[in-house]
Amino acid sequence: MRVPKHFAAPTLAGAAILGFWEGTLALVNPKGFVLPPPNEIVRALIDNWDEVFRGARITGFVVVSGLVAGMILAVVAALLVSRFRTANETITPLAVAINAVPIIALAPIFNNWFGITSPRSNQAIVVALVFFPIFINTTRGLTQVDRSQVELMESYAAGKLRITREVRIPSAMPFFFTALKLASSLAIIAAIVAEYFGGRQDALGPLITQSAGLARYDEAWAAVLAGTSIGAVLYLAVTVVERMAMPWHSLMRHRKGKHEGKDFSPT
């Protein structure tokens, strides 16, 4: 079956890494080592499930809401940039400048704007971090279209809006989903780092810092595992939506892989 084969390599690699991790720490048994073995992390996750799940739910809300807001803003900006030259000259430099600012510099500013305990400050940081990759990639997909397709649509007296809808947007969808996969991972990083500076104290970020500060490293890594799970779920969700939105794209990649895998040895 295709699905087990598709996940066989990462599953085996993950099992090998976990086995090496567990076995190495069991043999060496270092004192005061801050990386506990996987079995202790899983045990800490089970023992502190209510606390970790509550933190994951709070952080997950910030991640998803910030990712959706950043995605919408990025797509709208990309459409404007691909359509209007003035928008390109205005939005693109601003996006580059915002992307160059580190999270630790934005967090105190947003906390002063929205309140240190407000989730809006952390959501704004997620928006700022995910905006740039989605904006840049979507803009590239909207502008790098086959010129012959545009000329064909123009020969049928198609307007700019129709060309965008029927030519540019389908061309940009692979770029958009590639960027969205990247942004789904960046969103969880941005949210947890932002929580170090403000937000609710029962979220994953404070849970990690508090547990590590008390040398409860198994509980800290249990919270890290929860954050990793959120990122993985978001990535898989984007992959599913991509296949639903672009079934032809997955089919083309599958056929290309089969074609490249054929034996073309001379008879």
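These numbers come from a predicted model, not from an experiment.

(A) Quick look at the overall build of the protein. On a plain count of helices and strands, the protein comes out with 11 helices and zero strands. When the helices and strands of the protein are read in sequence order from the N terminus, they spell out α-α-α-α-α-α-α-α-α-α-α. Per-residue burial for the protein yields a buried fraction of 36% across its 267 residues. Counted over contacts in the protein with a minimum sequence separation of 6, partners at least 24 positions apart contribute 71%. On the protein, roughly 16100 Å² of surface is accessible, and the fraction owed to carbon and sulfur atoms is 67%.

(B) Representation of the environment of G227 in the model. When you line up the elements, G227 lands in helix 10 (residues 217–245). We classify G227 as buried; its relative accessible area is 4%. Between the alpha carbons of G227 and A191 there is a distance of 9.6 Å; along the sequence they are 36 residues apart. Once residues within four sequence positions are removed from consideration, G227 is found in contact with I188, I192 and L204.

(C) Representation of unusual backbone geometry within the structure. With phi around 65 degrees, A215 is a residue other than glycine that occupies positive phi space. Residue position: A215 is located in the loop between helix 9 (204–213) and helix 10. Under the relative-accessibility criterion, A215 is labelled partly exposed at 49%.

(D) The arrangement of the side chain of Q123 in detail. Checked against the element boundaries, Q123 lands in helix 6 (residues 119–143). Those residues in contact with Q123 that lie beyond four places of it in its chain are F61, V62, S65 and G66.

(E) Structural context of helix 9. Turning to helix 9, its buried residues are L204, G205, P206, L207, I208 and S211. On its buried face, helix 9 is in contact with helix 3 (49–83), helix 8 (160–195) and helix 10. One or two residues past the end of helix 9 sits A215, with phi positive at roughly 65 degrees.

(F) Here's a closer look at the packing of aromatic side chains. Evaluation of the coordinates by the stated rule reveals seven aromatic pairs. Judged by centre distance (5.4 Å) and plane angle (10 degrees), the ring pair of F131 and F135 falls under stacked. Taken together, the residues F131 and F135, both in helix 6 and four residues apart, mark about one turn of the helix. Judged by its relative accessible area of 17%, F131 is buried. When the ring of F176 is compared with that of F177, the centres are 5.1 Å apart and the planes differ by 70 degrees; the resulting orientation is edge-to-face. The buried category is assigned to F177, whose relative accessible area is 5%. One aromatic cluster is present, formed by F110, W113 and F114 through successive ring pairs.

(G) Structural context of the packing of helix 9 against helix 10. Two elements in contact, helix 9 and helix 10, have axes whose closest approach is 7 Å; the angle formed by their N-to-C orientations is 160 degrees. Of the possible angle classes, the one that applies to helix 9 and helix 10 is roughly antiparallel. Considering only the axes of helix 9 and helix 10, their crossing is left-handed. For the pair helix 9 and helix 10, contact is made by L204, L207, I208, S211 and A212 and by Y217, E219, A220, A223, V224, A226, G227 and I230, respectively. Here the contact of helix 9 with helix 10 is built from residues that sort into 10 nonpolar, two polar and one charged.

The rules we used
- Residues numbered from 1 in each chain as written.
- Predicted model: local features only at pLDDT ≥ 70, side-chain atom pairs only at ≥ 80, totals over all residues.
- Heavy atoms only, no water.
- Helix = DSSP H or I, 4+ residues; strand = E, 2+ residues; numbered from the N terminus.
- Buried < 20%, exposed > 50% of the residue type's maximum accessible area, 1.4 Å probe, protein only.
- Contact = heavy atoms within 4.5 Å.
- Areas by Shrake-Rupley, 256 points an atom, 1.4 Å probe, with all protein chains shown as cover.
- Phe/Tyr/Trp six-rings, centres within 6.5 Å; stacked < 30°, edge-to-face > 60°.
- Axes fitted to C-alpha atoms, helices over the stretch in contact; angles between N-to-C directions.
- Parallel < 35°, antiparallel > 145°, perpendicular 65-115°, else oblique.
- Left-handed = near helix turned anticlockwise from the far one by under 90°.
- Nonpolar A, V, L, I, M, F, W, Y, C, P; charged D, E, K, R; others polar.

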